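Listed here are the chains, written in short residue letters.
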Amino acid sequence: MGTQEPYPIDVEAIREDFPILDRKIGGDATTPGEGPTDDAPLVYLDNAATSHTPEPVVEAIADYYRGYNSNVHRGIHQLSQEASVAYEEAHDRVAEFIGADGREEILFTANTTASVNLVAYAWGLDALGPGDSVVLTEMEHHASLVTWQQIAKKTGAEVRYARVDDDGTLDMDHAADLIDDTTEMVSVVHVSNTLGAINPVRRLADLAHDHGARIFVDGAQSVPTRPVDVTDLDADFLAFSGHKMCGPTGIGVLYGKEHLLAEMDPFLYGGEMIRRVTYEESTWEDLPWKFEAGTPPIEQGIALATAVDYLDDVGMENVRAHEDLLAEYAYDQLTAFDDVTVYGPPGDDRGGLVAFNLDGVHAHDLSSILNERGVAVRAGDHCTQPLHDKLGIAASARASFYIYNTVEEIDALVDAVDAARQLFA
Ligand code: C6P
């Protein structure tokens, strides 16, 4: 299989937009960006942690700083107006990308973690109390697990965890049992960053709504990799991060249904989010600015809109098809080793990532050996410690794929794993 056909997307053309993929790996790693040129070609399979940034997005950032860098919503001068228009329109573009009704429903935050905390504090502190429950799954990322756990402690609410079955998928019967009339919030990861499981968010939303609860969708791994439409999902809230979808770091998104955001008090107070202030009282700006206190992530928001344009040009259905192809191939290759354990559902029913362990070898050691061959994977608990405890492991290695990855790169991963097998045999 080459880098052209039979991929659903033109991988070769896409790779040209990502010069970092030409990096070589090896030698002294203390000088950022200056690895030797005669070592192993980079095989970047850590996209679930952070994806790379295509040239149009890098250019959008440079254009902003070269051409119209200025604070937003503050100046009458032309640069400020240009920055304000671009920043506001970025909200419209993101709204369109996820099927939201408009910019009122799109808050720019720092990342997914900040988006969960915003809802947990601004909505949860008010809405939750003793006798209420928050239903999570056993596969939640710490971003939502720890946040809801701590808000529950502050409010006296109970946290319930819907079970993960032995096959690495959510036990929907158990989830249906747990969601009852005490439930105020169901918070669920859409695509697990460890198992690759794809959760049936719409069914969970219907269950939550049947009991008068809200649903929060952690879209950190789904929005970058597949079409996600908040209206189809009937999500009350959805969070994701720019840096996992060709955008810059420092920008996340919180989608919220307009009537819910309108009812919520602000999370952070200060400039930018007020309409009128006296020494005694303050009133709030309209949505979404009510939730964007202080100078917002201006260049990051504008660049995120460019990232969304880039992904839309590729086509989110095509992104998903490419992820499916690579995930299935990697799953099949890795499970062919009898001393490799792959976690989560089968290769044809998962998102584009594969977490695994080699018998008797710590994931960190495995990852070091892979790195010596230029293969970048993540090793550790992937911010899902309770799930790792449940699986009976301290850590795992994880390969995760994106639009520029190829089957040959998965072959390189598999060869490197095989080399580790020989080394530790
Ligand atoms: N997962 C990973 O390597 P932030 O860090 O706020 O941008 O995203 C947090 C987050 C929330 N939910 C899920 C499902 C995630 O995967 C992540 C980020 C990275 O898997 C870093 S731990």
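Owing to the predicted nature of the structure, the values given are computational and were not obtained by experimental measurement.

Calculation criteria
- Residues numbered from 1 in each chain as written.
- Predicted model: local features only at pLDDT ≥ 70, side-chain atom pairs only at ≥ 80, totals over all residues.
- Heavy atoms only, no water.
- Patch = residues over 30% accessible without salt bridge, like charges linked within 9 Å, V, L, I, M, F, W, Y side chains within 5 Å.
- Areas by Shrake-Rupley, 256 points an atom, 1.4 Å probe, with all protein chains shown as cover.
- Salt bridge = Lys/Arg side-chain N within 4 Å of Asp/Glu carboxyl O.
- Lys, Arg positive; Asp, Glu negative; His and termini not counted.
- Charge placed at Lys NZ, Arg CZ, Asp CG, Glu CD.
- Helix = DSSP H or I, 4+ residues; strand = E, 2+ residues; numbered from the N terminus.
- Axes fitted to C-alpha atoms, helices over the stretch in contact; angles between N-to-C directions.
- Parallel < 35°, antiparallel > 145°, perpendicular 65-115°, else oblique.
- Left-handed = near helix turned anticlockwise from the far one by under 90°.
- Contact = heavy atoms within 4.5 Å.
- Core = buried A, V, L, I, M, F, W, Y, C linked by side-chain atoms within 4.5 Å.
- Buried < 20%, exposed > 50% of the residue type's maximum accessible area, 1.4 Å probe, protein only.
- Domains from an automatic or database assignment.
- Expected span 1.5 Å × (residues − 1).
- Arc of directions from axis to C-beta.

## Comments concerning a negative patch on the surface
- Residues Asp165, Asp166, Asp167, Asp173, Asp177, Asp324, Glu328, Asp332, Asp348 and Asp349 make up a contiguous surface patch of negative charge.
- Mapped by element, the contributors of at least two residues to the negative patch are α6 (172-178) and α11 (316-335).
- With three residues, α11 is the single largest residue contributor to the negative patch.

## Some details on the packing of helix α12 (residues 363-372) against helix α14 (residues 407-424)
- Contact geometry for α12 and α14: axes closest at 9 Å, N-to-C directions at 120 degrees. When the axes of α12 and α14 are compared, the pair comes out oblique. For the pair α12 and α14, the crossing hand works out as right-handed. Of the residues in α14, those touching α12 at Asp365, Leu366, Ile369 and Leu370 are Leu413, Ala416, Val417, Ala420, Leu423 and Phe424.

## Concerning the environment of Asp39
- With respect to the helices, strands and loops of the structure, Asp39 is situated in the loop between β1 (24-25) and β2 (40-41).
- In the structure, Asp39 is positioned 125 residues away from Val164 in sequence and 42 Å away in space, judged by C-alpha atoms.

## Some points on the nonpolar core
- Ranked by internal contacts, the top residues of the largest apolar core, which has 110 residues, are Ile98, Phe356, Ile403 and Leu413.
- Here this core takes 10 residues from helix α10 (residues 298-314), the largest share from any one element.
- Both of domain 1 (11-50 + 315-424) and domain 2 (55-313) provide at least three residues apiece to this core.
- Not counting residues within four places of it along the chain, the set of residues in contact with Ile98 comprises Ile106, Val223, Val228, Asp229, Val230, Leu238, Phe240 and Tyr255.
- Of all hydrophobic cores here, the second largest spans 25 residues; its members include Leu128, Ala152, Met185 and Met264.

## Focus on α14
- Over its 18 residues, α14 extends 26 Å from the first C-alpha to the last, a length consistent with the 26 Å expected when each residue adds 1.5 Å.
- For α14, the set of buried residues is Val407, Glu409, Ile410, Leu413, Val414, Ala416, Val417 and Ala420.

## Points about helix α7 (residues 201-210)
- Within α7, the full set of buried residues consists of Val201, Leu204, Ala205, Leu207 and Ala208. Seen end-on, α7 carries its buried residues on one side only, within an arc spanning 165 degrees. Exposed residues pointing more than 90 degrees away from the buried face of α7 are listed as Arg203 and Asp210.
- For α7, the secondary structure elements touched by its buried residues are α6, β7 (183-189), β8 (214-218) and α8 (230-233).
- Immediately downstream of α7, the backbone of Gly212 shows phi near 75 degrees, a positive value.

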